[in-house]
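Listed below, chain by chain, are the residues.
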Amino acid sequence: MAQWVEGRVIERIDWTPRLHSLCIEAAIEPFKAGQFTKLGLEIGGEIVGRPYSIVSAPGEPLLEFYFSTVPEGPLSPRLAQLDAGSPIQLAPKANGFLVLDEVPPSIHLWLLATGTGIGPFLSILKTAEPWQRFQRVVLVHAARAAEELTYRRAIARLLEAEPKRFSYLPMLSREPADYALAGRIPAAIADGRLEARAGLALEPALAHVMLCGNPAMIEDALAALAARGMRKHRRKEPGQISIETYW
Ligand SMILES: Cc1cc2nc3c(=O)[nH]c(=O)nc-3n(C[C@H](O)[C@H](O)[C@H](O)COP(=O)(O)OP(=O)(O)OC[C@H]3O[C@@H](n4cnc5c(N)ncnc54)[C@H](O)[C@@H]3O)c2cc1C
Ligand SMILES: NC(=O)c1ccc[n+]([C@@H]2O[C@H](COP(=O)([O-])OP(=O)(O)OC[C@H]3O[C@@H](n4cnc5c(N)ncnc54)[C@H](OP(=O)(O)O)[C@@H]3O)[C@@H](O)[C@H]2O)c1
């Protein structure tokens, strides 16, 4: 199989000066909601590729990716400069285990993301499966500032479609807003604020938790969830937590 297939940028969305989405037309193999593939650009005579989660759901006509620019990084600042029509390389086969196939039966599904880690959860939420499998679904999006709470229109559509079963809990760590919880995800797990806001108990018999984004958040959240008797899910050793770290 070829290492790369060429795609074409159809649209770039600039949410803030450092947060962008790319909508790409490309023929990659079928993927599962929550998986990632690689995006690549030719830099200095070779293709530099990095993994990015797919925001679109399987079957949508374009592949969408949501990313932040890391100023000193080789790839992300260049991705942020691509315009409609630009060629871009993609790995043809998506990968990753942050998918509902890997989640054991549970009553409630909690999706906890920092920053661009919301991407795979948007893909999952656009499919029918979470609504067939879970009584309630909670999406927590933690960012530094209000302008970084992106994809609000897509989230509003989900709230409209599932008003009783879907909860969206925004969190802000560096500025206050009356609609958002203040601070960080692990602290809000530990002190019960996430549960209070969702109106659901976060306990092993009821919940499966998927975590995505900043590795320090994931480490701290794992510790906060361990204090509630929850542990990482493995095929051979079932648990209640699935994770994907971005760096
Ligand atoms: C499985 C997987 C899926 C990923 N999906 C996404 C995604 O959907 N969106 C996305 O923005 N990134 C995602 N990443 C990170 C992405 O692959 C790149 O590392 C990132 O875009 C920076 O690329 P770069 O070449 O500019 O710098 P790199 O050389 O790759 O990274 C330089 C440094 O930037 C920091 N960094 C990397 N990614 C981020 C980030 N997202 N936010 C803040 N700091 C970061 C780390 O400290 C890293 O060492 C994912 C990573 C993995 C492993
Ligand atoms: N956001 C910006 O305005 C901005 C501007 C320029 C450059 N950058 C750079 O871009 C990179 C990514 O920034 P980002 O804001 O997208 O992602 P981020 O640093 O992962 O922050 C996203 C959210 O995760 C929280 N977080 C960080 N560490 C955590 C932990 N251990 N436990 C729980 N939550 C934690 C942050 O809270 P805290 O706020 O408490 O850390 C913030 O609410 C960083 O390297 C940053 O230096 C960011």
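Residues numbered from 1 in each chain as written. Chains lettered and ligands numbered in written order. Predicted model: local features only at pLDDT ≥ 70, side-chain atom pairs only at ≥ 80, totals over all residues. Heavy atoms only, no water.

Undergrad: Please clarify how the overall build of the chain should be interpreted in this entry.
TA: Secondary structure summary: the chain contains seven helices and 12 strands in total. Whereas a compact globule of 247 residues would reach a radius of gyration of roughly 18 Å, the chain reaches 18 Å, a difference of no more than 12%. Structurally, the chain occupies a C-alpha span of about 50 × 40 × 35 Å along its principal axes. The proportion of buried residues among the 247 residues of the chain is 53%. Of all intrachain contacts in the chain linking residues separated by at least 6 positions in sequence, the fraction that spans at least 24 positions is 70%. As presented, the chain carries roughly 11800 Å² of accessible surface, and 51% of it is formed by carbon and sulfur atoms. (Helix = DSSP H or I, 4+ residues; strand = E, 2+ residues; numbered from the N terminus. Rg over C-alpha atoms; globule rule 2.2 N^0.38 Å. Buried < 20%, exposed > 50% of the residue type's maximum accessible area, 1.4 Å probe, protein only. Contact = heavy atoms within 4.5 Å. Areas by Shrake-Rupley, 256 points an atom, 1.4 Å probe, with all protein chains shown as cover.)

Undergrad: What should I look at first to understand the site of ligand 1 in this one?
TA: Around ligand 1, 19 residues are found, and the nearest of them are R50, P51, Y52, Y66 and S76. With respect to ligand 1, the backbone of S53 contributes an N or O atom lying 3.0 Å from an oxygen atom. Within the contact set of ligand 1, an oxygen atom lies 3.2 Å away from a side-chain nitrogen or oxygen of Y246. Alone, ligand 1 offers 870 Å² of accessible surface; in the complex the protein occludes 76% of this. For the shell around ligand 1, the secondary structure elements donating two or more residues are β4 (46-53), β5 (63-68), α1 (76-79) and β12 (241-245). Examining the composition of the shell around ligand 1, we find that four residues originate from one element, β4, more than from any other. For the shell around ligand 1, the class distribution of residues is 11 nonpolar, six polar and two charged. Counting residues domain by domain, the shell around ligand 1 receives three or more from each of domain 1 (5-90) and domain 2 (100-245). (Near = heavy atom within 4 Å. Polar contact = N/O pair within 3.5 Å; in protein donor to acceptor, adjacent residues only side chain to side chain. Nonpolar A, V, L, I, M, F, W, Y, C, P; charged D, E, K, R; others polar. Domains from an automatic or database assignment.)

Undergrad: Would you explain the sheet that holds strand β8 (residues 136-143) in this entry?
TA: Sheet strands associate in pairs through backbone hydrogen bonding, adopting either a parallel or an antiparallel arrangement. Here we have six strands laid out as an open sheet, ordered β10-β9-β8-β7-β11-β12, and parallel in their pairing. The open sheet has two free edges, formed respectively by β10 (181-182) and β12, since each of these has just one partner strand. Judged from the two bridges that link them, strand β9 (residues 166-172) and β10 form a sheet pairing that is parallel. Opposite M171, over in β10, you have L181 as the bridge partner. Lying over the sheet, helix α4 (residues 152-161) contacts β8 and β9, oriented at roughly 150° with respect to β9. Contacting β7 (108-114), β11 (207-213) and β12, helix α7 (residues 215-226) runs over the sheet at an angle of about 160° to β11. (Pairing = 2+ DSSP bridges. Axes fitted to C-alpha atoms, helices over the stretch in contact; angles between N-to-C directions.)

Undergrad: Even after reading the chapter, I still don't get the sheet that holds strand β1 (residues 5-16), so can you show me in this structure?
TA: Read from one edge of the open sheet, six strands run β4-β3-β6-β1-β2-β5, paired in antiparallel fashion. Two strands in the sheet have a free side with no partner beyond their single neighbour: β4 and β5. Geometrically, the sheet is characterised by an average inter-axis angle of 40° between neighbouring strands, direction not taken into account. As defined by bridge partners, strand β3 (residues 36-43) adjoins strand β6 (residues 87-90) across two bridges and the pair is classed as antiparallel.

Undergrad: Explanation requested: the pairing of β1 in the structure shown.
TA: Moving residue by residue along a regular strand, the side chains alternate between the two faces of the sheet. In this sheet, β6 lies alongside β1 in antiparallel orientation, the contact comprising four bridges. Following the sheet pairing, R8 is matched in β6 by P87. Where β1 meets strand β2 (residues 19-25), seven bridges bridge the pair, whose relative direction is antiparallel. Counted as the bridge partner of E11 is C23 from β2. Adjacent in sequence and paired antiparallel, β1 and β2 are bridged by two residues.

Undergrad: Looking at this model, I keep getting lost on the domain arrangement of the chain. Mind explaining?
TA: How big an interface is tends to be expressed through the accessible area that disappears when the partners come together. Under the domain assignment used here, the chain contains domain 1 (5-90) and domain 2 (100-245). Placing a centre on the C-alpha atoms of domain 1 and another on those of domain 2 gives a separation of 24 Å. Overall, the association of domain 1 and domain 2 removes approximately 1500 Å² of surface from exposure, summing both partners, and the carbon and sulfur fraction of that is 59%. Sorting the residues of domain 1 by area buried against domain 2 places W15, V55 and Y66 first, and these three jointly supply 36% of that buried surface. In this structure, E148 and R18 form a salt bridge, with 3.4 Å as the shortest nitrogen-oxygen distance. At the surface where domain 1 touches domain 2, the tally comes to nine residue pairs in polar contact (both at pLDDT 80 or more). Looking at the side of domain 1 that touches domain 2, the elements that each hand over two or more residues are β1, β2 and β5. In terms of residues, the side of domain 1 that touches domain 2 owes the most to one element, β5, which gives four residues. Residues belonging to the side of domain 1 that touches domain 2 are distributed by class as follows: 10 nonpolar, six polar and four charged. (Buried area = accessible area lost by both parts, 1.4 Å probe. Salt bridge = Lys/Arg side-chain N within 4 Å of Asp/Glu carboxyl O.)

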